[in-house]
Protein chains: 2
Amino acid sequence: MRDFTKKLRVLLIDDNANHLRGIKELISLETSYNVVGATRNANLGLGLIKKYRPDIVLMDINMPEKDGLQTIQSINKLGISTNVVILSGYDDSDLIYRAMKLGARGYVLKTMASSKLIDAIETVADGKIYLPSVLTTRFFEYFQNAAKEETKVAAGENLLTTLTGRENEVLDLLTQGINYKSIAQKLIISETTVKTHVNNIFQKLQVNDRTNAVLYALTHGFKPSLTAQSEQMAAA
Amino acid sequence: MRDFTKKLRVLLIDDNANHLRGIKELISLETSYNVVGATRNANLGLGLIKKYRPDIVLMDINMPEKDGLQTIQSINKLGISTNVVILSGYDDSDLIYRAMKLGARGYVLKTMASSKLIDAIETVADGKIYLPSVLTTRFFEYFQNAAKEETKVAAGENLLTTLTGRENEVLDLLTQGINYKSIAQKLIISETTVKTHVNNIFQKLQVNDRTNAVLYALTHGFKPSLTAQSEQMAAA
DNA sequence: AATTATCTAAACCATAAGATTGAGAAAAAC
DNA sequence: GTTTTTCTCAATCTTATGGTTTAGATAATT
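In this text the structure is predicted, and so the values were computed from the model without any measurement.

Draft legend 1. Representation of the overall build of chain A in the model. Counting secondary structure elements, chain A contains 11 helices and 5 strands. Expressed as a percentage of its 236 residues, the buried residues of chain A come to 46%. A sequence separation of at least 24 residues applies to 64% of the contacts in chain A between residues at least 6 apart.

Here's what the structure looks like:
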């Protein structure tokens, strides 16, 4: 939970000097904020983050040398729990998607009223995500489209459903790259039985070797049966 | 764009009779809405959607026979551009994530003020996504966590980088489930050469069979080299 | 009671896959 | 100009994999 007795420590990163100055002044007007740093260079900014551990990092996403997305990743690698709010000139759905995927907690357009920026900082400092409704829509358009691509393959009539319980267990082990001998040991059956199961799996999945069976399973959303999972648990 | 001269056609699906009645009355108060149907059964609801093509479907996500997530999928299969708004008693991040992933356009908690429901309908009818800030946060917590899992594997020191150009081409074909003879034909080299490459790949990836090489490639973000891709293009 | 599905297993065979050693040619790096 | 890497290939060998048939024991279904 946020501690309201202390000032919020904010760090600014924007390669545009004018923007940087403008934002700094804007935020300085708020008595509850403390700008611990402001820099035009992303790498310098990383150093400042390491040093000052700000609560919030306001960062432009379009920068020449090191771009915003890379910088978010670098921050992640530091393992510091800093909340990144992205400043961007574009409401590009791909950009928003990638920034949020990498762990950004907020995304604000530079064209928005300055009060929105304060809103964003407050919201994020409060542990929530800040995304204006237009950007939320942009994000989900992209997200749902990506999801559709994923499930498209899994959609069609899935041959995996024709597998019996035991065949599912065997396929599960196959997808772990285990050979017949080990599978036989794990399931406590003979190796020839494993072969029988595997051949039946091949027939049902319409493939003729292990690799293609595994590929089919992975690209068609194969999920090991619960019994098989619990056995894995027990083995671990 | 929304046509404000026509009433919004809304369909309700909720297995709880009281909820259903309550929501119906609430929406009927709005003169700009027209409830084209209200049912307690998801499958019946699907039929009504097919018949009336409503602009908005308000649907409970917790239903006994056919659950809300399945119903969203069924609607998707119909290929009808209906906007689904989910009604739920829980702000469960996994549930929100899956509903939105499947294409829901809004998510409203039953505990919220009824005005929020109207907000949601308006927002979604306007082509936007409606997610209350608490739910947005829930969603992103889940989303970013899932994304982290994805990239985690691809992060570590990746043995794939040690592969030579030719080895990459061979591995690419391996991940397509192609056998040695066919690989030899595709690359116009002898089968023994393929074996040599494959053995080198095994050494570098520290595995000892095709299946595990393929699994390693897939779980470590293997992307076929550009040259290999262009050859695929040419072959298609 | 009879049928069907599932799991188990053996025997046999064919071959694809994997391991190993050695080696020449060309390209890249030093 | 020498060394190293990469790509190529052969020969040999072992073994894991895959194909097929047959069949007994249960369990589920009708």
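Moving on from the model shown.
Draft legend 2. The relation of the copies chain B and chain A, seen in detail. Superposition of chain B onto chain A requires a rotation of 180 degrees combined with a translation of 1.1 Å along the rotation axis, giving an RMSD of 1.3 Å. Here the transformation between the copies is reduced to the relation of a two-fold axis. Every residue of chain B has its C-alpha some distance from the rotation axis, and the shortest such distance is that of B:Thr211, at 2.6 Å. When the interface residues of chain B are mapped onto chain A, 100% of them are again interface residues, pointing to one common binding face.

Draft legend 3. Molecular detail of the protein's contact with DNA strand C. In the neighbourhood of DNA strand C, 17 residues make up the surrounding shell, with A:Thr164, A:Ser190, B:Tyr180, B:Asn199 and B:Arg210 lying closest. By atom count, sugar and phosphate contribute 71% of the portion of DNA strand C lying within 4 Å of the protein. Contact distances for DNA strand C include 2.3 Å between a phosphate oxygen and a side-chain N or O atom of A:Thr164. A:Arg166 places a side-chain nitrogen or oxygen 2.9 Å from a phosphate oxygen of DNA strand C. Within the residue set of the surface near DNA strand C, elements represented by two or more residues are helix H7 (165-174) and helix H9 (191-205) of chain A together with helix H9 (191-205) of chain B. Broken down by class, the residue content of the surface near DNA strand C amounts to 3 nonpolar, 10 polar and 4 charged.

Draft legend 4. Representation of the packing of aromatic side chains within the structure. Scanning all chains against the criterion turns up 18 aromatic pairs over all chains. Here the aromatic rings of A:Phe143 and B:Phe139 are separated by 5.2 Å at their centres, their planes lie at 90 degrees, and the arrangement is edge-to-face. Placement of the pair is A:Phe143 in helix H6 (residues 133-155) and B:Phe139 in helix H6 (residues 133-155), with the two residues belonging to separate chains. Taken together, the ring pairs in this structure connect A:Tyr97, A:Phe139, A:Phe140, A:Tyr142, A:Phe143, B:Tyr97, B:Phe139, B:Phe140, B:Tyr142 and B:Phe143 into an aromatic cluster.

Draft legend 5. Region of the structure containing the protein's contact with DNA strand D. With respect to spatial proximity, 18 residues lie near DNA strand D, and among them A:Tyr180, A:Arg210, B:Thr164, B:Arg166 and B:Ser190 are the closest. Looking at DNA strand D alone, sugar and phosphate atoms form 68% of those within 4 Å of the protein. Contacts to DNA strand D include A:Lys195, whose side-chain N or O atom sits 3.2 Å from a base oxygen. Between a phosphate oxygen of DNA strand D and a side-chain N or O atom of B:Thr193, the distance comes to 3.0 Å. Residue assignment for the surface near DNA strand D shows that the elements contributing at least two residues are helix H8 (180-187) and H9 of chain A together with helix H7 (165-174) and H9 of chain B. The dominant element in the surface near DNA strand D, judged by the number of residues it contributes, is H9(B), at 4 residues. Considering only residue class, the surface near DNA strand D consists of 3 nonpolar, 10 polar and 5 charged.

Draft legend 6. Here's a closer look at the sheet that holds strand E2 (residues 33-39) of chain A. All names here are of chain A. Taking strand neighbours across the sheet as the criterion, the 5 strands line up as E2-E1-E3-E4-E5 in an open arrangement whose pairing is parallel. The two strands at the open ends of the sheet, each matched to only one other strand, are E2 and strand E5 (106-109). The average angle at which neighbouring strand axes cross in this sheet is 20 degrees, direction not considered. Across 4 bridges, strand E4 (residues 83-88) lies against E5 in parallel orientation. Pairing of isoleucine 86 across the sheet is with tyrosine 107, part of E5.

Draft legend 7. Structural detail: helix H5 (residues 114-125) of chain B. All names here are of chain B. With 12 residues, H5 extends 17 Å from end C-alpha to end C-alpha; this agrees with the ideal 16 Å at 1.5 Å per step. Leu117, Ile118, Ala120, Ile121, Thr123, Val124 and Ala125 are the residues of H5 that are buried. Residues of H5 that are buried sit in contact with strand E1 (8-13), helix H1 (17-28), strand E2 (33-39), strand E3 (56-60), strand E4 (83-88) and strand E5 (106-109). Directly beyond the C-terminal end of H5, a positive phi value near 90 degrees is found at glycine 127.

Draft legend 8. Quick peek at the sheet that holds E4(B). Residues and elements named next belong to chain B. Ordered in space as E2-E1-E3-E4-E5, the 5 strands form an open sheet in which the pairing is parallel. Strand pairing shows two members of the sheet lacking a second neighbour, E2 and E5, which therefore form its edges. Strand-to-strand twist in this sheet, taken as the mean axis angle between neighbours without regard to direction, amounts to 20 degrees. Relative to E2, E1 runs parallel, the two sharing 6 bridges. Its bridge partner lying in E2, leucine 8 is registered against tyrosine 33. Contacts between helix H2 (residues 42-52) and the sheet are confined to E1, E2 and E3, with E1 contributing the most and set at about 165 degrees to the helix.

What counts and what doesn't
- Residues numbered from 1 in each chain as written.
- Chains lettered and ligands numbered in written order.
- Predicted model: local features only at pLDDT ≥ 70, side-chain atom pairs only at ≥ 80, totals over all residues.
- Heavy atoms only, no water.
- Helix = DSSP H or I, 4+ residues; strand = E, 2+ residues; numbered from the N terminus.
- Buried < 20%, exposed > 50% of the residue type's maximum accessible area, 1.4 Å probe, protein only.
- Contact = heavy atoms within 4.5 Å.
- Least-squares fit on C-alpha atoms with pLDDT ≥ 70 in both.
- Near = heavy atom within 4 Å.
- Polar contact = N/O pair within 3.5 Å; in protein donor to acceptor, adjacent residues only side chain to side chain.
- Nonpolar A, V, L, I, M, F, W, Y, C, P; charged D, E, K, R; others polar.
- Phe/Tyr/Trp six-rings, centres within 6.5 Å; stacked < 30°, edge-to-face > 60°.
- Pairing = 2+ DSSP bridges.
- Axes fitted to C-alpha atoms, helices over the stretch in contact; angles between N-to-C directions.
- Expected span 1.5 Å × (residues − 1).

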